[in-house]
Amino acid sequence: MKVLVVGGGGREHAICSTLAKSSKIEKLYCAPGNGGISDIAECVPVKATDIDGMIAKVKELGVDFVMVAPDDPLALGMVDAFEKEGIPVFGPRQNAAIIESSKVFSKNLMKKYGIPTADYATFNDIDKALAYIDDMGAPIVVKADGLALGKGVVVAATVEEAKQAVKEMMLDGKFGASGANVVIEEFMTGPEVTVLCFTDGKTIAPMLSSQDHKRAYDNDEGPNTGGMGAICPTPNYTPEVAAECMEKIFRPTIDAMNAEGRTFKGVIYFGLMITPKGPKVIEYNSRFGDPETQPILTMLETDLMDIFQAVVDEKLDEIEIKWKDGACCCVVIASGGYPLAYNKGCEISGLENVPADITVFHAGTEKRDGKYYTSGGRVLGVTATGADLASAIGRAYEGVSAITFENAHYRKDIGKKFI
Ligand code: AMP
Ligand code: GLY
């Protein structure tokens with residue numbers, strides 16, 4: 001088969017390298033890909049959001065299966081467009097991807113179907129939003145309705161901070177149209193867990209649990225980022241919690257989407273908080289998480305292409321998905337300054353000194369004349385497995401210490417709070 005993966009970050013590098021192990025794939029393409037991906041797949045220069053361009057390229061190359069990884073093309077309806085062309089495609093349709101692209105939609109869905117989540121109110125009127133914050137007090141959480149690169153959430157410790165966030169979203173347009181509507185919700189407490197599930201709309205197959213680290217600096221300080229590292233599985237996700245999540249959250253969500261005529265097929269991401277009152281949904285994503293995918297797929301034993309095909313064919317119940325024992329850790333090396341301004345084009349050195357059993361997924365790199373250069377905020381995801389979490393973390397940092405580039409920045413505490 002000829003398979004094309006849409007996207008070009010660390011998540012897509014992990015997806016491509018997992019697919020590259022499949023005997024069913026004779027040719028792997030990635031659009032647009034990146035420097036690291038170009039070592040294992042042919043990168044084609046089409047922007048991930050260019051639906052017409054992507055369809056034309058897929059036809060030209062004779063691709064027979066497409067996997068859409070990032071949120072924006074899913075929200076724009078790329079899956080629907082490929083389906084219309086009769087080309088098999090993995091990912092949710094636009095009317096299901098809305099579970100991520102509109103927080104107002106997802107919060108209302110959870111309320112309607114009794115799926116546990118933080119209490120909330122939604123606003124398109126700034127005065128009402130500000131008055132609500134006065135009524136509720138702090139701490140309180142303010143979220144832009146739409147996609148905001150994982151940064152449209154402000155956990156406000158004070159009423160003033162919450163009001164400032166609302167003003168930035170609704171008046172200053174900090175997140176563009178994404179902030180025209182805001183969700184203001186109850187502050188929850190408890191450990192966080194992420195569970196990605198494959199689903200064909202009928203069967204739900206949870207992957208190993210994981211835990212992202214969203215803040216830029218150690219001890220969960222500094223601004224929110226796309227994610228600075230992840231571990232898998234997370235000790236917080238006990239079998240009891242897993243059973244409760246399946247019964248009260250995963251199954252009801254898939255059933256709710258079916259009942260709404262928005263059948264979800266693909267990967268659904270449950271961002272959960274294990275509160276004193278049980279697990280509650282923080283957010284849904286309509287796709288593989290980044291960087292969670294890097295450690296999760298590193299732990300996968302089953303052929304990923306078989307899983308993708310089973311989802312598309314609605315035969316996920318016929319597949320047994322197997323995972324490695326032990327644990328995995330991914331440490332992101334970012335450009336200094338990320339998530340704010342940062343330099344690009346810095347030469348990366350030391351990659352050849354990383355031990356062979358440690359995988360370096362490229363997130364923002366470019367390859368020129370056999371050398372790799374930085375081209376994004378998140379640059380690399382150094383990923384290692386171990387018999388337990390402590391050894392996986394140790395190995396990942398061993399890999400990190402081999403690599404350098406100008407102003408490289410990484411957190412030194414990925415996974416440390418679990419050991
Ligand atoms: P999100 O982008 O929705 O995942 O939110 C980013 C981070 O904000 C989450 O990982 C949580 O740490 C935090 N957060 C979001 N919603 C809440 C909430 N209702 N209560 C407490 N923390 C939250
Ligand atoms: N790592 C969080 C996300 O992919 O949204």
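For the structure given in this document, a descriptive report is provided here.

So, how was this worked out
Residues numbered from 1 in each chain as written. Chains lettered and ligands numbered in written order. Predicted model: local features only at pLDDT ≥ 70, side-chain atom pairs only at ≥ 80, totals over all residues. Heavy atoms only, no water. Helix = DSSP H or I, 4+ residues; strand = E, 2+ residues; numbered from the N terminus. Near = heavy atom within 4 Å. Polar contact = N/O pair within 3.5 Å; in protein donor to acceptor, adjacent residues only side chain to side chain. Areas by Shrake-Rupley, 256 points an atom, 1.4 Å probe, with all protein chains shown as cover. Nonpolar A, V, L, I, M, F, W, Y, C, P; charged D, E, K, R; others polar. Expected span 1.5 Å × (residues − 1). Bend = angle between axes of the 7 residues up to and from the residue. Buried < 20%, exposed > 50% of the residue type's maximum accessible area, 1.4 Å probe, protein only. Contact = heavy atoms within 4.5 Å. Axes fitted to C-alpha atoms, helices over the stretch in contact; angles between N-to-C directions. Parallel < 35°, antiparallel > 145°, perpendicular 65-115°, else oblique.

1. Comments concerning unusual backbone geometry
- Here Ala138 and Pro139 are connected by a cis peptide whose omega angle stands at -5 degrees.
- With respect to the helices and strands, the residue Pro139 is situated in the loop between helix H7 (126-136) and strand E7 (140-144).
- Here the bond from Asp290 into Pro291 is cis, since omega is 20 degrees, no more than 30 degrees from zero.
- Mapping Pro291 onto the fold places it in the loop between strand E17 (278-285) and helix H10 (293-298).
- Located in the positive-phi region is Asp220, a residue other than glycine, with phi close to 55 degrees.
- Among the structural elements, Asp220 can be located in the loop between strand E13 (215-217) and strand E14 (221-224).
- The residue Glu314 is not glycine, and still its phi comes out positive at about 55 degrees.
- By the secondary structure assignment, Glu314 is in the loop between helix H11 (304-312) and strand E18 (327-335).

2. Observations regarding the site of ligand 2
- In the vicinity of ligand 2, the residues found are Asp212, Gly226, Tyr269, Asn285, Arg287, Gly289, Asp290, Pro291 and Glu292.
- The side chain of Glu292 places a nitrogen or oxygen atom 2.8 Å from a nitrogen atom of ligand 2.
- Considered on its own, ligand 2 offers 200 Å² of accessible surface; in the complex 92% of this is hidden by protein.
- Across the shell around ligand 2, the residue classes break down as two nonpolar, three polar and four charged.

3. Details of the site of ligand 1
- Taken together, 15 residues form the shell around ligand 1, and within it Glu185, Glu186, Met188, Glu192 and Glu283 come nearest.
- In the environment of ligand 1, a nitrogen atom lies 2.7 Å from a nitrogen or oxygen atom belonging to the side chain of Glu185.
- For ligand 1, an oxygen atom lies 2.9 Å from a polar atom in the side chain of Glu283.
- Relative to its unbound accessible surface of 480 Å², ligand 1 loses 91% to contact with the protein.
- Going through the elements one at a time, E7, strand E8 (153-156), strand E9 (182-186) and E17 are the ones with two or more residues in the shell around ligand 1.

4. Digging into helix H9 (residues 239-259)
- Look at H9: 28 Å from first C-alpha to last across 21 residues, which is about the 30 Å you get at 1.5 Å a residue.
- For H9, the principal kink sits at Met246 and spans about 45 degrees.
- Looking at H9, one finds that the buried residues are Val241, Cys245, Ile249, Phe250, Pro252, Thr253, Ile254, Ala256 and Met257.
- Lining the buried residues of H9 we find helix H5 (94-101), helix H6 (103-113), strand E10 (192-199), strand E11 (204-206), strand E16 (266-275) and E17.
- The positive-phi residue at the C-terminal boundary of H9 is Gly261, with phi of around 70 degrees.

5. Regarding the packing of H5 against H6
- At a minimum axis distance of 6 Å, the contact between H5 and H6 shows a crossing angle of 95 degrees. Between H5 and H6, the crossing angle belongs to the class labelled roughly perpendicular. Contact with H5, carried on its side by Ile98, Ile99 and Ser101, involves Lys103, Phe105, Ser106 and Leu109 of H6 and no other residues of that element.
- Taken together, the residues of the contact of H5 with H6 sort by class into four nonpolar, two polar and one charged.

6. Re the packing of helix H1 (residues 10-19) against H11
- Taken N-terminus to C-terminus, the directions of H1 and H11 make an angle of 105 degrees; their axes are 8 Å apart at the nearest point. The angle between H1 and H11 places the two elements in the roughly perpendicular class. Packed against H1, whose contacting residues are Ile15, Thr18 and Leu19, the element H11 presents Leu304, Met305 and Phe308 at the interface.
- Taken together, the residues that form the contact of H1 with H11 break down as five nonpolar, one polar and no charged.

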